[in-house]
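The residues making up each chain are set out below.
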Amino acid sequence: MKNLALLPVFLGLFSALPAGAQALNGTVTLYTSEVLPDVQVQIDGFRKLNPNVDVKVFRSGTGEVTAKLNAELAAGNVQADLLWVADPTYFESLSKKNLFEALNVRGVRVPSSALYGDGTYGEVRKLYNVIGVNTKVVSALPAGFADLKKPAFKNKLAMPSPLFSGGALATAGTLSRTYGWTYFQALATNGLKIEQSNPITTTKLINGEYGAAILVDYSLRREAAKGAPLAVVYPREGAILVSTPIAVLKSSPNKAAAQAFVRYLYSGEGQANFSKLSYLPVVPGAPRPAGVPASIFTLPSADAYIAQNKADISARFSALFNLK
Amino acid sequence: MRAEPSSTQARSRFPRLGTAGAVLLSVAALLPLIGVLVRGASAVVSVLRGDLDVVWTTLWLVLAGTALSVILGGGLAVLTWLARLPRWTDALLAAGYLVPPFIGAAAWLAALGPGNVLAGRTLVPMYSATGILLAWTTHYAPLAYLLLRATLNAQGDQPILAARIHGLSLSRSLWRVALPLAARGLGATVTLVALSLLGNYGVPAVLGFPAKIYTLATLAYARLLNPALSDPLAAASGVAWLLVLLAVPAFFRSSGDTGEVSGASFPLPVSPALSRVAWSSVWTWTMLAVALPLLALLLLAFQPPYASGFTLANFQTLFEVDSARRGLINSVGLAVGTSLVCALLGLALARAGQGSRLARRAVQLLNLPYLLPGTLLALGMILTLGRTALYATPLFLMLAYLLRFVAPGLENAQAALTPALSQLEFAAQVHGVSPWQRLWRIVLPLLRPQLVASFLVVYPLVLSEVTLSALLYAPGSETAGVNVLNLLSEGNLRSAAAMAVLLLVLGLPTLLVPRGQRA
């Protein structure tokens, strides 16, 4: 048979091709704290290019996702191929334990500032903690975090709990490091209320139970676009970057497909999807979402400080606001 | 209730196989429970030291919820019984029990919580102890009503009639005669409601988590999923210990045998005033506790955000999410599969119990996973099977559901295996009919109504299960109930309402359960 003789040639040809050109299949399991409808958009786009890959998702709050993964790591029965949550300190610890693959970002343009831990985990899009204002409750917009101490916001303030939300921990850590605990003391005196999560706080802000709240920007923008009476204020002092990296686990039985999913998120299409969902893309030149200032001024990252002082920040915050 | 094990020696290999099965199954059910208690023993002290406030919160919430449910449900039962309201009012009052508790909580959120369909602004702070009690009462008062109404029906008219004839006023004859006679039924009702509240995870998960109000059931969940703990499973098992300790007193209460139904009765005259009070109570309950929240849930499910009007978009966004679709498919599949197996298994075990005392004892043990808080069984499943390939498959959930819900299926089957059936079988045996033929030709056809009832009792319990599922689900084995909880915690109230409405519609077959068969 003549055809059979050609087989080695074909095989050689395939092995010479870059990883991305191979037809991928199997299942990829993503553990994430991203809201499901947003993840679904990216999964749908990825599956259009890789119809034979099934993407499964476990979604919960950052703390619960990391706990589930911890339990699976301890039991030696890890289900996750990909991890994507809002806790950079957790990524750092897993990266140091050598549990992550180096990200394979060949063929996509990823700025080096978006990759951490020797390229084992990376930022795929950005979101910021800003001030959301219900324009029906508060008439004059605050210019920045300092304004929230003013009497105009007395008993109208809220933020999510740093014990529950990775984003709120970034707020507590960054503002307490930059302005000292006196800042939160002043807010406590001004009646700042602590809610559980970003979504619950957002709902209550929209319903007028609060006038202003420190929240992630993308959902405020999205609800405002749907008609909620919200204004998004990027604070004068600088917004707070909430780091939400993604990584491929070394234990993954389907690393090729997992890496391809990460590459898809960095691709032009993936970045455009983020933009449509009102997140800021990380790849330069990708379209920016509507309603976002041309450049976002940020407070210096407090990630390292938070990683070192997590317990202390949680304890002081809890004591100040009487959390359990 | 159970048939006498007459003609035991004539029963051949069949029961022996059943006995082995019964023993095996109860061992499978007990192992995880014991595993949890062993694993958690070291953590009990630290839970008691650090989380005593949660123990007190749980205790007072359960006591208050039980009191509210039994007083309201019991009051309705006495009123409708005394006023001799027609049978169909039963359906109105029981309707609340057919709405799973966490869906009731979501419905109350839709009616009164932040962003509700009625006023927009919060009418009652639902993320609070008040909210939890409200959701619990609207689900469990109907249960108390059903149980107490059955007790009163069994008592019949004669005692109260005799009291009236001897000159006691209606209220005195009620206090002195009818209620003391119903004391056993009342005790059983209190026990069952308190145990249900203690183990309930859905309502405090929906309404408690956001307000940082924990009960032991939700604390176990929070401990298991706490990233800061070095051994979350032991910490959660420690909490499970306390759940068991709180549940134990309930087991010392009398069981709920309602006694024999009395014979014919002379109709008591019903005063028009009593009749008016009874009717208005029934309608007030139906409107406020059933129609209001359900209507709000329905409106929310079909409402576009920040506008009035009608939209199917909430359902559409739901179906676009893979895990939501998979959750629905899994839940329906698991509900049908588990109910079917529970019905057949219940029958097999009940028959085994007829023939052997060992089997009867083993079968009694199967009540434990049903009566004890589900959290215990879920943690046990993780301990025993969390490292196997079963984990993260729907089969893992099915096994847990089976162990938990085989008891209600069994109860039906036991009630159905009457001496008459045994005699019929014996007659067939004398005439040389083989065991399989007897099963196929006699037992199954005669017991078909009970099998259907068993199926329909277990079906809705599995369809909307959240206590076990929340702890056991993994990518690939999502359930619809867990989806509702997740959507609520994401703040996606409208899609959660849409999913809840779908679950209610899928649960409608429960309405076919013959009255009095409900677990």
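What you see is a predicted model; the values in this text were computed from it and never measured.

Right, let's talk about the domain arrangement of chain A for a bit. Residue and element names in this part refer to chain A. Considered domain by domain, chain A is made up of domain 1 (17-124 + 244-281) and domain 2 (127-242 + 295-321). Computed from C-alpha atoms alone, the centre-to-centre distance between domain 1 and domain 2 is 28 Å. Taken together, the 13 residues of domain 1 in the interface contact 13 residues of domain 2. Contributions of two or more residues to the side of domain 1 that touches domain 2 are made by helix H3 (62-75) and helix H4 (88-96).

Looking now at the domain arrangement of chain B. All names here are of chain B. Taken domain by domain, chain B consists of domain 1 (20-39 + 302-519) and domain 2 (51-256 + 273-285). Centre-to-centre, using C-alpha coordinates, domain 1 lies 22 Å away from domain 2. Facing the 32 residues of domain 1 at the interface are 32 residues of domain 2. Among the secondary structure elements, those contributing two or more residues to the side of domain 1 that touches domain 2 are helix H1 (13-40), helix H18 (374-385), helix H22 (467-472), helix H23 (480-489) and helix H24 (493-506). Here the side of domain 1 that touches domain 2 is composed, by residue class, of 21 nonpolar, nine polar and two charged.

A word on the sheet that holds strand E12 (residues 245-248) of chain A. Residue and element names in this part refer to chain A. Taken in spatial order, the six strands make up an open sheet running E2-E1-E3-E12-E5-E4, and their pairing is mixed. Both outer strands of the open sheet, strand E2 (53-59) and strand E4 (115-116), are each paired with one neighbouring strand and no more. In the sheet, strand E1 (residues 26-32) pairs with E2 via seven bridges, with the strands oriented parallel. Looking at E2, one finds that threonine 27 is bridged to aspartate 54. Against the sheet, H3 touches E1, E2 and strand E3 (82-84), its axis set at about 130° to E1. Of the strands in this sheet, E1, E2, E3 and E12 are in contact with helix H9 (residues 255-266), which crosses E12 at around 155°.

Another point: unusual backbone geometry. At Asp118(A), a position not held by glycine, the phi torsion is positive, near 55°. Relative to the helices and strands, Asp118(A) resides in the loop between E4 and strand E5 (121-123). Residue Ala392(B) is not a glycine yet carries a positive backbone phi of 70°. Take Ala392(B): it is sitting in the loop between H18 and helix H19 (394-416). Judged by local crowding, Ala392(B) falls into the buried class, with 21 C-beta atoms found within 10 Å.

Quick notes on the rules
- Along each chain, the written sequence defines residue order, and numbers are assigned to residues from 1.
- Chain labels run from A onward and ligand labels from 1 onward, assigned in the order the entries are written.
- It should be noted that, the model being predicted, local features are given only for residues of pLDDT at least 70 and side-chain atom pairs only at 80 or more, the latter also being counted only at that level, while totals for whole chains, interfaces and linings use all residues.
- Marked domain ranges trace back to an automatic or database domain assignment.
- Note that contacts rest on C-beta atoms placed from the backbone: two residues are in contact if these are within 7 Å.
- The way it works is that DSSP assigns letters per residue, a run of H or I at least four long becomes a helix, a run of E at least two long becomes a strand, and they are numbered from the N terminus.
- Each residue gets one of three labels, nonpolar for Ala, Val, Leu, Ile, Met, Phe, Trp, Tyr, Cys and Pro, charged for Asp, Glu, Lys and Arg, and polar for the others, Gly among them.
- Here a strand pair is declared whenever DSSP counts at least two bridges between the two strands.
- Only the stretch in contact is used when a helix axis is fitted, and all axes are lines through C-alpha atoms; the angle between N-to-C directions ranges over 0 to 180 degrees.
- Buried, partly exposed and exposed are defined by the number of other C-beta atoms within 10 Å of a residue's own C-beta, namely 20 or more, between the two limits, and 12 or fewer respectively, with C-beta atoms placed from the backbone.

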